[in-house]
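# Fold and geometry: a report
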Amino acid sequence: EALGTQVRASPHKGSDGEVDGFRLSSIRQGSLFSKLGIRNGDIVHAVNGTALTSAEGAMAAYGSLKSQGSFSFEITRRNQRTTISYDVR
C-alpha cells in the first residue's frame, strides 16, 4: 500500500516485447525513491540483481529494501543504463 502512495510504476517492454523493468513516475517528494535519487522517467530493471519482470517481483524487491544494509538499482535514465549502489548506515 505504501508503494502506491509514493510512486507510479508501469511495465516497460524491451525491444523483444517482454517486460524488462518498470518506468517510474509521479514520485512524491520525500518518498524513499526521491531520497534514493530515483527520478521520474527512470526505468528500474533490477534491484539487488533481481530482474523486475513482473509486478510480483517488483513488490518483493521493494519490500526487501526495508531490511537491507546495502542495495543497488539497475536503471535506464535518458537512454543510458547504469547501476546505482547504496550503503545504509
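To be clear, the structure that these remarks concern was listed above.
Before going into details, it helps to say that this report is about the structure given with it.

Calculation criteria
Residues numbered from 1 in each chain as written. Predicted model: local features only at pLDDT ≥ 70, side-chain atom pairs only at ≥ 80, totals over all residues. Heavy atoms only, no water. Salt bridge = Lys/Arg side-chain N within 4 Å of Asp/Glu carboxyl O. Helix = DSSP H or I, 4+ residues; strand = E, 2+ residues; numbered from the N terminus. Buried < 20%, exposed > 50% of the residue type's maximum accessible area, 1.4 Å probe, protein only. Pairing = 2+ DSSP bridges.

## With respect to the pattern of salt bridges
- One pass over the structure, following the stated rule, counts 2 salt bridges.
- Among the ionic pairs, Arg-77 bridges to Asp-42, the shortest N-O distance being 2.6 Å. Taken together, the residues Arg-77 in strand 5 (residues 70-77) and Asp-42 in the loop between helix 2 (32-35) and strand 3 (43-47) connect sequence positions 35 residues apart.
- The exposure class assigned to Asp-42 is buried, which follows from its relative accessible area of 1%.

## Digging into the pairing of strand 2 (residues 19-25)
- Here strand 1 (residues 8-13) runs beside strand 2; their pairing, made up of 6 bridges, is antiparallel. By the bridge assignment, Arg-8 is partnered in strand 2 with Ser-25.
- Where strand 1 folds back onto strand 2 in an antiparallel hairpin, the turn is made up of 5 residues, including Gly-17, whose phi is positive at roughly 85°.
- Strand direction decides the pairing type here: strand 2 and strand 3, joined by 2 bridges, are antiparallel. Each bridged residue has a counterpart across the sheet, and for Arg-23 the counterpart in strand 3 is Ile-43.

Purely spatial values, then, with no claim about function.
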